[in-house]
Amino acid sequence: MENHVVWQEGCVSRSDRNRLNNHKSGVIWLTGLSASGKSTIAHALEKELFNRGVRCCVLDGDNVRHGLTSDLGFSPGDRRENLRRVAEVAKLMADAGLLVIAAFISPCRDDRRVVREILDGNMIAGVYVKCSIGECERRDPKGQYMKARAGIIRDYTGITSPYEEPLEPGLVLDTEENGVRESVGLLLDFLRRRGLF
Ligand code: ADP
């Protein structure tokens, strides 16, 4: 479809916003199996950043599916579209000066590549929240693995749908080795070393 819409430039630049906030903006993208700990770590990190005066927010896989992408399912095409929309929203938020913590299973390498392309210079790093399927199933905080095993939920990542581990993650958080506080500490160090705040 031909697009005749012309981009409208604003008067406040991203660097103006970063200066006002006294920190940089961008997106940190957490990928990993369901129950690996992405949301738990994302919200704990958000709290720590908030306490340090960083304007940040979490985009959470389960939450966006209640609104922004509630029309989508879990087929490969719908998962791709889910992530495309989220990446576009995350980019708008980063442009607006926020440090965005995105927590999405994002199981396919190809889809994560598309996310990176959309985010372009806004991507701070992809973080692999690593946990074995056995441990994720044992945790099963929402009872979804049980439902997937019983055939009640179809296309469940790690059970009936694949998860492709990142080949070159910016950071790996092994949640069978590290507690939540340790993971958040590693993330804070990582962001500090990159001069984010
Ligand atoms: P995800 O967002 O990856 O689906 P959640 O954060 O929703 O995962 O759930 C992870 C569950 O595992 C939570 O109940 C959390 O308390 C628990 N958990 C146990 N150990 C850890 C850990 N080291 N890091 C993160 N979560 C952990």
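Residues numbered from 1 in each chain as written. Predicted model: local features only at pLDDT ≥ 70, side-chain atom pairs only at ≥ 80, totals over all residues. Heavy atoms only, no water.

(A) Seen up close, helix H5 (residues 109-119). Of all the residues in H5, the buried ones are Asp111, Arg112, Val115, Ile118 and Leu119. Along H5, the residues classed as buried sweep out an arc of 115 degrees about the axis, all on the same side. On its buried face, H5 sits against strand S1 (26-31), helix H4 (76-95) and strand S4 (123-130). Asp120, located one to two residues past H5, shows a positive phi value of around 55 degrees. (Buried < 20%, exposed > 50% of the residue type's maximum accessible area, 1.4 Å probe, protein only. Helix = DSSP H or I, 4+ residues; strand = E, 2+ residues; numbered from the N terminus. Arc of directions from axis to C-beta. Contact = heavy atoms within 4.5 Å.)

(B) Layout of the nonpolar core. Leu49, Leu99 and Ile101 are the most contacted members of the largest nonpolar core, which has 24 residues in total. At the level of elements, S1, helix H2 (38-51), strand S2 (56-60), strand S3 (99-103), S4, strand S5 (171-174) and helix H8 (180-193) are the ones that each hand at least two residues to this core. Ranked by residue count, the leading element in this core is H8, at five residues. Among the nonpolar cores identified, the runner-up in size contains 16 residues, and Val27, Leu59, Val64 and Val115 belong to it. (Core = buried A, V, L, I, M, F, W, Y, C linked by side-chain atoms within 4.5 Å.)

(C) Seen up close, the packing of aromatic side chains. Within this structure, the stated rule accounts for three aromatic pairs. Measuring from ring centre to ring centre gives 5.3 Å for Trp29 and Phe104, while their planes differ by 25 degrees; the resulting arrangement is stacked. With Trp29 in strand S1 and Phe104 in the loop between S3 and H5, this pair connects stretches of sequence that are 75 residues apart. Consider the rings of Tyr128 and Tyr163, whose centres lie 6.0 Å apart with planes at 15 degrees: the pair is stacked. On the criterion of sequence distance, the pair formed by Tyr128 in strand S4 and Tyr163 in the loop between helix H7 (144-149) and S5 is long-range, its members being 35 residues apart. Tyr163 sits in the buried class, given a relative accessible area of 16%. One Lys or Arg, Arg194, reaches over the ring of Phe190 and ends 3.8 Å from the middle of that ring. (Phe/Tyr/Trp six-rings, centres within 6.5 Å; stacked < 30°, edge-to-face > 60°. Lys NZ or Arg CZ within 6 Å of the ring centre and 35° of its normal.)

(D) Structural detail: the site of the ligand. Around the ligand lies a shell of 14 residues, among which Ala35, Lys38, Ser39, Thr40 and Asn178 are the nearest. The contact in question runs from an oxygen atom of the ligand to an N or O atom on the side chain of Thr40, over 2.4 Å. The element contributing the most residues to the shell around the ligand is H2, with three residues. Looking at the shell around the ligand, its residues break down into four nonpolar, eight polar and two charged. (Near = heavy atom within 4 Å. Polar contact = N/O pair within 3.5 Å; in protein donor to acceptor, adjacent residues only side chain to side chain. Nonpolar A, V, L, I, M, F, W, Y, C, P; charged D, E, K, R; others polar.)

(E) Representation of the packing of H2 against H8. Here H2 crosses H8 at 55 degrees, and the two axes come no closer than 9 Å. The angle between H2 and H8 falls in the class oblique. The handedness of the crossing between H2 and H8 comes out as right-handed. Residues Thr40, Ile41, Ala44, Leu45, Glu48 and Leu49 of H2 form the contact with H8, whose own contacting residues are Val180, Ser183, Val184, Leu187, Leu188 and Leu191. Partitioning the contact of H2 with H8 into residue classes produces nine nonpolar, two polar and one charged. (Axes fitted to C-alpha atoms, helices over the stretch in contact; angles between N-to-C directions. Parallel < 35°, antiparallel > 145°, perpendicular 65-115°, else oblique. Left-handed = near helix turned anticlockwise from the far one by under 90°.)

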